[in-house]
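Chains, contacts and geometry: an overview
Listed here are the chains, written in short residue letters.
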Amino acid sequence: MTLAIIGGTGLTQIDQLTITGEQSLDTPYGAPSAPFVFGELDGKQLVFLARHGNPHRIPPHKINYRANIWGLKQLGVTEIIAVAAVGGITEAMAPAQIAIPDQIIDYSYGREHTFFADDLEHVTHIDFSFPYTQNLRNRLIAAAQHLNLSVSTSGTYACTQGPRLETAAEIKRLKNDGCDLVGMTGMPEAALAKELDLAYANISVVANWGAGILDTEITMAEIEQNLIVGMDNAIKLLKQTVLNS
Ligand code: HPA
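Residues numbered from 1 in each chain as written. Predicted model: local features only at pLDDT ≥ 70, side-chain atom pairs only at ≥ 80, totals over all residues. Heavy atoms only, no water.

Moving on to helix α2 (residues 134–147). The end-to-end C-alpha distance of α2 is 20 Å, a good match for the 20 Å that 14 residues give at a rise of 1.5 Å each. Every buried residue of α2 is accounted for by Leu-136, Arg-137, Leu-140, Ile-141, Ala-143 and Ala-144. Angular distribution of buried residues about the axis of α2 spans 160°; they occupy a single face of the element. Among the exposed residues of α2, those pointing more than 90 degrees away from its buried face are Gln-145 and His-146. Against β5 (79–88), β8 (151–152), β11 (199–209) and α5 (220–244) lie the buried residues of α2. Directly after α2, the chain includes Asn-148, whose backbone phi takes a positive value near 60°. (Helix = DSSP H or I, 4+ residues; strand = E, 2+ residues; numbered from the N terminus. Expected span 1.5 Å × (residues − 1). Buried < 20%, exposed > 50% of the residue type's maximum accessible area, 1.4 Å probe, protein only. Arc of directions from axis to C-beta. Contact = heavy atoms within 4.5 Å.)

Within strand β3 (residues 36–41), five of the six residues are buried, leaving the element largely enclosed by the surrounding structure. Note: strand β2 (residues 18–23) against β3, five bridges, orientation antiparallel. When the sheet's bridge partners are listed, Ile-19 is paired in β3 with Gly-39. Bridge count between β3 and strand β4 (residues 44–50): five bridges; the pairing is antiparallel. Note on β4: the bridge partner recorded for Glu-40 is Gln-45. (Pairing = 2+ DSSP bridges.)

The omega torsion across Asn-54 and Pro-55 is 5°, close enough to zero to call that bond cis. Tracing the sequence through the fold places Pro-55 in the loop between β4 and α1 (65–74). In this structure, the amide linkage connecting Gly-162 to the following residue, Pro-163, adopts the cis form with an omega of -5°. Within the secondary structure, Pro-163 sits in the loop between β9 (156–159) and α3 (168–176). For Asn-148, which is not glycine, the phi torsion reads 60° and is therefore positive. Within the secondary structure layout, Asn-148 lies in the loop between α2 and β8. One non-glycine residue with positive phi stands out, namely Asp-197, at about 60°.

Take the site of the ligand next. Neighbouring the ligand are Ala-85, Val-86, Gly-87, Leu-165, Glu-166, Val-182, Gly-183, Met-184 and Asn-208. Between a nitrogen atom of the ligand and a main-chain N or O atom of Ala-85, the distance comes to 3.4 Å. Within the side chain of Asn-208, a nitrogen or oxygen atom sits 2.7 Å from a nitrogen atom of the ligand. The protein chains hide 93% of the 260 Å² of surface that the ligand would expose on its own. Looking at the shell around the ligand, the elements that each hand over two or more residues are β5 and β10 (181–183). With three residues, the single largest contributor to the shell around the ligand is β5. (Near = heavy atom within 4 Å. Polar contact = N/O pair within 3.5 Å; in protein donor to acceptor, adjacent residues only side chain to side chain. Areas by Shrake-Rupley, 256 points an atom, 1.4 Å probe, with all protein chains shown as cover.)

Geometric descriptors of this kind do not, in isolation, establish any biological role.
This is the structure in structure tokens:
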């Protein structure tokens, strides 16, 4: 089993997955968010993990990212496609749109963000210039082109702490910083995958415009509505990517 999908808000399970098994694991870092689900998508085997648990109950800052990534490595996974709901900041990132980001700025804090913390023989600094694996991003982009699915093929993902959404001023600042998308779970997940030498790419599904872009409040109802459309496309994209691999 080499491919894993981590599903975020709006993707707690993949209905199209033919489930073949389930496994709860313990790791040196504690318990992952949920049991790992083994299944087949169009005849290809993969592992699925619900990032927020199933049912969806773990807020972004409480997710045990280290246990999730360690557990996947323990299972023999070599590549991870992470799906995440985000807010859109720049013009192309309209609600229900999909993006395959290529950069990250991390604004989160207080999270267990590294495997290289204790009992070290030497200090390790991973290179993180390009946080997402280009080859895996290219496969997602090729699958989107094959499907004629409109996706943004780059973008900078801002990871905020949550669980609250941002203020209008914070979104302005993120825009000034060069961010296109804002979510709460992209980090430390991406860095932990890199620390364990796992290929990792992200499918961001835009749930709403970032705070203050419209002059109305952001509602859970609009988020849910846009995620229904966006996640449907994300699943199509996942299926085509798996089929091509
Ligand atoms: N901000 C941060 N995370 C999000 C948002 C947002 O506006 N929408 C969905 N996840």
